[in-house]
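Spelled out, the chains give:
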Amino acid sequence: MKLTELAEQIEGTLEGDGNPEITGIAGLDDARPGDISFMINPKYAAALEKTQASAAVVERKWEGTSPCPVVRVDNPDKAMALCATLLAPEIPKPEPGIHETAIVAEGVKIGDGVSVGPYCVIRAGAEIGPRTILSAGCYIGHNVKIGADCVLDPHVVVRHQVKIGNRTVIHDGAVVGGDGFGNYREAGRWHKIPQIGTVEVGDDVEIGSNTTIDRARFGVTKIADGVKIDNLVQIGHNVQIGENTAMAGLVGISGSTVVGANVMLGGQVGVGGHLKIGDGVIAGGKSGISKDIPPGTFVFGYPALPYKQYVANHHSVSRIPKLKEQITALERRLAELEKMIGKG
Amino acid sequence: MKLTELAEQIEGTLEGDGNPEITGIAGLDDARPGDISFMINPKYAAALEKTQASAAVVERKWEGTSPCPVVRVDNPDKAMALCATLLAPEIPKPEPGIHETAIVAEGVKIGDGVSVGPYCVIRAGAEIGPRTILSAGCYIGHNVKIGADCVLDPHVVVRHQVKIGNRTVIHDGAVVGGDGFGNYREAGRWHKIPQIGTVEVGDDVEIGSNTTIDRARFGVTKIADGVKIDNLVQIGHNVQIGENTAMAGLVGISGSTVVGANVMLGGQVGVGGHLKIGDGVIAGGKSGISKDIPPGTFVFGYPALPYKQYVANHHSVSRIPKLKEQITALERRLAELEKMIGKG
Amino acid sequence: MKLTELAEQIEGTLEGDGNPEITGIAGLDDARPGDISFMINPKYAAALEKTQASAAVVERKWEGTSPCPVVRVDNPDKAMALCATLLAPEIPKPEPGIHETAIVAEGVKIGDGVSVGPYCVIRAGAEIGPRTILSAGCYIGHNVKIGADCVLDPHVVVRHQVKIGNRTVIHDGAVVGGDGFGNYREAGRWHKIPQIGTVEVGDDVEIGSNTTIDRARFGVTKIADGVKIDNLVQIGHNVQIGENTAMAGLVGISGSTVVGANVMLGGQVGVGGHLKIGDGVIAGGKSGISKDIPPGTFVFGYPALPYKQYVANHHSVSRIPKLKEQITALERRLAELEKMIGKG
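Remember, predicted model here, so these are calculated numbers, not experimental data. (Residues numbered from 1 in each chain as written. Chains lettered and ligands numbered in written order. Predicted model: local features only at pLDDT ≥ 70, side-chain atom pairs only at ≥ 80, totals over all residues.)

A word on the overall build of chain A
No. 1: Across its full length, chain A carries four helices and 38 strands.
No. 2: For chain A, whose C-alpha radius of gyration is 28 Å, the value lies well above the compact-globule estimate of 20 Å for 344 residues.
No. 3: The C-alpha extent of chain A, read off along each of the three principal axes, is 105 × 75 × 30 Å.
No. 4: The buried share of chain A, reckoned over its 344 residues, is 56%. (Helix = DSSP H or I, 4+ residues; strand = E, 2+ residues; numbered from the N terminus. Rg over C-alpha atoms; globule rule 2.2 N^0.38 Å. Buried ≥ 20, exposed ≤ 12 C-beta atoms within 10 Å, placed from the backbone.)

Considerations on the interface of chain A and chain B
No. 1: Each partner contributes to the interface: chain A provides 54 residues, whereas chain B provides 56 residues.
No. 2: Here the side of chain A that touches chain B gets 13 residues from one element, more than from any other, and that element is helix H4 (residues 307–343) of chain A.
No. 3: Grouping the constituent residues of the side of chain A that touches chain B by class yields 25 nonpolar, 23 polar and six charged. (Contact = placed C-beta atoms within 7 Å. Nonpolar A, V, L, I, M, F, W, Y, C, P; charged D, E, K, R; others polar.)

Section: helix H3 (residues 76–87) of chain A
No. 1: Between its first and last C-alpha atoms H3(A) spans 16 Å; for 12 residues at 1.5 Å apiece the expected length is 16 Å, and the two agree.
No. 2: Three or more residues of H3(A) are buried, namely A:Pro76, A:Ala79, A:Met80, A:Ala81, A:Leu82 and A:Cys83. (Expected span 1.5 Å × (residues − 1).)

What to know about the interface of chain C and chain A
No. 1: Each partner contributes to the interface: chain C provides 56 residues, whereas chain A provides 56 residues.
No. 2: Those elements that place two or more of their residues in the side of chain C that touches chain A are strand S19 (175–178), strand S20 (183–186), strand S21 (189–192), strand S24 (212–214) and helix H4 (307–343) of chain C.
No. 3: A per-element tally of the side of chain C that touches chain A places H4(C) first, with 13 residues.
No. 4: Per-class residue counts for the side of chain C that touches chain A are 25 nonpolar, 24 polar and seven charged.

So, the nonpolar core
No. 1: Of all hydrophobic cores here, the largest spans 302 residues; its most connected members are A:Ala56, A:Val176, B:Ala56, B:Val176, C:Ala56 and C:Val176.
No. 2: Other than its neighbours up to four places away in sequence, B:Val176 contacts B:Val158, B:Arg159, B:Val162, B:Ile170, B:Val199, B:Val201, B:Ile207 and B:Ile213.
No. 3: In this structure, A:Leu330, B:Ile320, B:Ile327 and C:Ile320 belong to the second largest nonpolar core, which totals 15 residues. (Core = buried A, V, L, I, M, F, W, Y, C linked by C-beta atoms within 7 Å.)

Topic: the sheet that holds strand S2 (residues 24–25) of chain A
Residue and element names in this part refer to chain A.
No. 1: Taken in spatial order, the five strands line up as S1-S5-S4-S3-S2 in an open sheet, and their pairing is mixed. Lying at the two open borders of the sheet, with one neighbouring strand each, are strand S1 (13–15) and S2.
No. 2: In this structure, S1 lies alongside strand S5 (residues 70–73), joined through three bridges in antiparallel fashion. Note that in S5 the partner of Leu 14 across the bridge is Val 71.
No. 3: Relative to the sheet, H3 contacts S2, strand S3 (35–39), strand S4 (55–59) and S5, its axis offset from that of S4 by approximately 150°. (Pairing = 2+ DSSP bridges. Axes fitted to C-alpha atoms, helices over the stretch in contact; angles between N-to-C directions.)

Here's the deal with the relation of the copies chain C and chain A
No. 1: At an RMSD of 0.1 Å, chain C and chain A line up after a rotation of 120° and a shift of 0.1 Å along the axis. Each copy turns onto its partner about a three-fold axis. (Least-squares fit on C-alpha atoms with pLDDT ≥ 70 in both.)

Details of the domain arrangement of chain A
No. 1: Assigned domains within chain A: domain 1 (3–87), domain 2 (156–303) and domain 3 (312–344).
No. 2: Its C-alpha centre places domain 1 of chain A at a distance of 37 Å from the equivalent point of domain 2 of chain A. (Domains from an automatic or database assignment.)

Concerning the pairing of strand S4 (residues 55–59) of chain B
Residue and element names in this part refer to chain B.
No. 1: Judged by how many residues are buried, S4 sits mostly within the fold: four of five residues are covered.
No. 2: Of the strand pairs in this sheet, strand S3 (residues 35–39) and S4 are connected by four bridges, and their pairing is parallel. If you follow Ile 36 over to S4, its bridge partner there is Ala 55.
No. 3: Following the backbone out of S3, through helix H2 (residues 45–50) and into the adjacent parallel S4, one traces a crossover that is right-handed. (Right-handed = clockwise from strand over helix to strand, strands pointing away.)

Remarks on unusual backbone geometry
No. 1: The amide bond that connects B:Tyr302 to the next residue, B:Pro303, takes the cis arrangement and shows omega of -5°.
No. 2: By the secondary structure assignment, B:Pro303 is in the loop between strand S37 (298–300) and strand S38 (305–306).
No. 3: Phi at A:Leu232 is positive, roughly 55°, even though this residue is not glycine.
No. 4: Looking at the secondary structure, you find A:Leu232 in the loop between strand S26 (228–229) and strand S27 (234–235).
No. 5: Judged by the 32 C-beta atoms lying within 10 Å of it, A:Leu232 falls in the buried class.

Concerning the pairing of strand S19 (residues 175–178) of chain A
Residues and elements named next belong to chain A.
No. 1: The pairing of strand S16 (residues 157–158) with S19 spans two bridges and is parallel. By the bridge assignment for S19, Val 158 is matched with Val 176.
No. 2: Pairing of S19 with strand S24 (residues 212–214), which is carried by three bridges, proceeds in the parallel orientation. Within S24, the position partnered with Val 176 by the bridge is Ile 213.

Have a look at this one:
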């Protein structure tokens, strides 16, 4: 595709020669002629100076020089997404239809254009919406409802009663609707509390590889529309996650916690049980949240604190050697005074 | 089921009208007429006041008022488990028998009433005890022994030689008996130490979804009776976990560590290798344990400390600004004195 | 095998009776007659004194006494690996050939001696090198290239375009080449950035059970030769891991980070995105790395600091109660002086 055409498709303003044929997409350092690249953050201006890319996408307002043509756009991340779609290598999509090895219980409702891959197992009462793709080896439990245009990667497990919305993507090996972790203690031993609730996952959700989302003890574990969950995340029973909240890999959220909308949790963040995390909260990587967090707060640390308070504490510790010196000086001066006075 | 009957079944004492028909189970906030609910902690008394549940289970000794009939019980958690069993939606249980697509090696011993789901693979020398359920797509390695009345959820992997006791539940995608992580270094490179030991899992154990329990380098990785393990937990080679110990999601226990009985590890706790964690230890969420912990200790923090010591340290840091003020005041007063004396 | 013969095979120097028949391998505490054991660290000398092993492998230079014959070697870890190979229980290896239930697309290239287990699915364009073993239920995506002598345990997923080198081992349920986690925000919602890159895994790599390695946004996520990755590790898109780097369970590495060669990351370590971790860096368990780390540094803590600095900070905090006492004493002495002077 010619650069002029690409620029048009991503709604960008081209500066420079529009003739180069763009065949690939690469980082500034790795790009070779034929590639389009991206400078999303101006701190990579040096890399842009040295890039061999045939063109670079930059923010509209960016001021600077480039060795190659630039395409100015409003949202470079969005432009990247569009370019990736336009220039993706062609991987054959699964064909609609039910693979002959798939085991589909009688009465399961399968929408138009659905693809059910080899070795899938779909239990009675399930419904799969139009154009949804189940890759190889997925397990769909009794009475599961999956909406339209979803993609389930290989080996995904969705247990009984779970509801999944539309356009939701579940990556390889993820488990939605496994039992919550609940036991009561009697006579010194644990006994299981049956987990009879379910999970409801909204529209446009993404669930990462080998992530686990537990069914509710009773009631519903709820993942709202637009939530994005990375790999190896653990979401406990009866948790509620608000709209457009995003969480990175290895996050753990304990049972019955309510996470608001537009929250961002960094990698390995842990959130205790029965907490309320307000809308728009941001938690830095590895934070350990043990208390409710008001909306809009940026927290960090273990235990997590509002960032200013975290920094103050951190700063305090670094002051200690200085304080120690001051105290020693005071002691010396005071001893001298005492000596003088004593003599006096 | 009538409330009077339900109260009887959970060995509770009913106060109020026993006529309502109970058809579901829900949290105090979510409950609707027909539901039974639970107030396990008196701090939720306000939620009880506003509940629409048809009845609420409370602790026998609780004093307070309720808008709906209450059922007093000794152990509300246990009552919840019983109610959940009584009121669970009916999900068909796998029928006994070996699915025609299961691949079962010759000579494998299958007990009475066992259910082997579609696409299971069972290798030679394995034994499956009576009434045990293998859901779809489980892999059972050579010479594995699984006891009676176990449930293996879809996609569980149990590698060769592993032994599983009775009434043990292994959730979706868990791997028991994968190789331990062991390498030696020679000439600047890592070389694998073959992991020729195995794993022994006791009776009444629960293993969470996508959890991994490694086989021993040699000898045995041992999970004692009654241990409860949540999702995405990593248990290293040669670890020993004592009876009725419970651990929450994303816990990691490094090789050769011995964890006592009745230990509780919060979510994301990490335990170093070759340590001894005494009976009854409790570690708060995200603690990082790098030393042996004596029995009965409550630890917290990274590195984990006995809780009192953790709090003392934490408190110390918060004192620093005050100390700084005191030092500044001292310096001022001392300077004045020095001036006076100098003049004197 | 006679002890003399075993000693010879592991290139050790035998001291004591070489006649005992060695049939097993065990830890010093668990060993019984017939077992060979290992004292790799002299701190276990007391365990050696009490062992019932028929022989113990020790470091060549070790000085001490043993109740049983000893075999002196240069590298006890290597000797352990050799012994484990020699004394491993015989588990039948998968036979070469393609299981009748495997679904192999037309045109897939399968090398000599390859074993493809039951219920494997191999997509078009894939190539599997000689003698590689795919255990049961593996999924191999379009155009995947896997080298010679690899072992893929049950339920491994390798997504489209991914390249795997030779002699690489991928354990049960691991996912290589799942989508990276990338979204852009527009009008208050997240939109997916297609992940059109791939993953390249080198020779002699080990990837743990249920570990996830994400494909690049574009370009390549790269795992160099000799890298050893434990279970439940998350490696983000476009990460690069240098040769012979090792990382323990539950480590998370965020997108676009470059980890050098010969790095060691302890369990649950987290590494932020777009960082550079130098060659030979060691990070203690649970460290949270948020900045570039120069080569050869040992770091610890959250946020991770060079170890000396971490210890200094830690030490500072423990000094606070003492500082408080000193300040109180100063205040008292100063008050006395002031009183005297005032009187004076």
